[in-house]
Amino acid sequence: MSTASETDSPDSSDGVLAEQLLRLTRRLHRIQKRHLEPLGITPAQSRLLRTVAHYSEAEPPRMADLAARLEVVPRAVTTLVDGLEAAECVRRVPDTANRRVIRIELTETGRATLRRLRNARTGAAEEILAPLTTDQRALLGGLLNALADGPADAPADGPAEQRGC
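Participant: Pulling in residues and values, what's your account of the packing of helix α3 (residues 43-54) against helix α4 (residues 63-70)?
Facilitator: At a minimum axis distance of 11 Å, the contact between α3 and α4 shows a crossing angle of 115 degrees. Seen along the crossing, α3 lies across α4 with a hand that is right-handed. Each of Arg47, Leu48, Thr51, Val52 and His54 in α3 lies in contact with α4, whose residues at this interface are Leu66, Arg69 and Leu70.

Here you go:
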């Protein structure tokens, strides 16, 4: 039989918080996926498209740049780029300085898709945050910033795909 001190221990509270965060993450993913489905874009493709957009048009990213930024193996980026290229959202272009290097750039279709993605993400956020008051949203924003801006992560063994996560 557990005592009150055992069930109220910090480890127990942290475990409950961790489970709540995991449940929220899964819910966020489901809602985001539902909002992105009509666009024919997966959450992973959405992330890659937003990442490509953050690079300057003067020097679009290489596949290796995208893999590093997304913290995935290059093979995963290739698959995502293939899908986005088939949807005419990105294109592979040779580097002007080194033709052996391939860069990924947005197309006009990709820019239009990004605008629709922003609307879909806003809709997903509104759905998730609907139960919260304005004050609760502000508090949550502060708490999330504190967690996101916390101490650097412990070194990992490599991208999640390599670790089997």
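On we go.
Participant: Tell me about the nonpolar core, and please be specific about residues and values.
Facilitator: Leu48, Leu49, Val77, Val81, Leu84, Val90 and Ile104 are the most contacted members of the largest nonpolar core, which totals 21 residues. Mapped onto this core, the elements with two or more residues apiece are α3, α4, α5 (74-86), β2 (102-106) and α6 (108-129). Excluding its chain neighbours within four sequence positions, the residues that come into contact with Leu49 are Leu84, Cys89, Val90, Leu106, Gly110, Thr113, Leu114 and Leu117.

Participant: Any chance you could break down the side chain of Gln45 for me, citing the residues and the numbers?
Facilitator: With respect to the element layout, Gln45 can be found in helix α3. Residues contacting Gln45, with those up to four places away along its chain left out, are Gly40, Leu80, Gly83 and Leu84.

Participant: Summarise the pattern of salt bridges; cite the residues concerned and give the values.
Facilitator: For the coordinates displayed, the defined rule picks out 9 salt bridges. Where Arg26 meets Glu19, a salt bridge forms, and the shortest distance between an N and an O atom there is 3.5 Å. Relative accessible area serves as the criterion here: at 38%, Glu19 is assigned to the partly exposed category. Here Arg103 makes a salt bridge to Glu59, at a shortest N to O gap of 2.9 Å. Here the residue Arg103 occupies a position in strand β2, and Glu59 occupies one in the loop between α3 and α4, the gap between them amounting to 44 residues. You can call Arg103 buried: its relative accessible area is 10%. The partly exposed category is assigned to Glu59, whose relative accessible area is 46%. Members of the salt-bridge network, linked through shared partners, are Glu59, Asp95 and Arg103.

What counts and how
- Residues numbered from 1 in each chain as written.
- Predicted model: local features only at pLDDT ≥ 70, side-chain atom pairs only at ≥ 80, totals over all residues.
- Heavy atoms only, no water.
- Axes fitted to C-alpha atoms, helices over the stretch in contact; angles between N-to-C directions.
- Helix = DSSP H or I, 4+ residues; strand = E, 2+ residues; numbered from the N terminus.
- Left-handed = near helix turned anticlockwise from the far one by under 90°.
- Contact = heavy atoms within 4.5 Å.
- Core = buried A, V, L, I, M, F, W, Y, C linked by side-chain atoms within 4.5 Å.
- Buried < 20%, exposed > 50% of the residue type's maximum accessible area, 1.4 Å probe, protein only.
- Salt bridge = Lys/Arg side-chain N within 4 Å of Asp/Glu carboxyl O.

So far we have only geometry, and geometry alone does not tell us how the molecule works.
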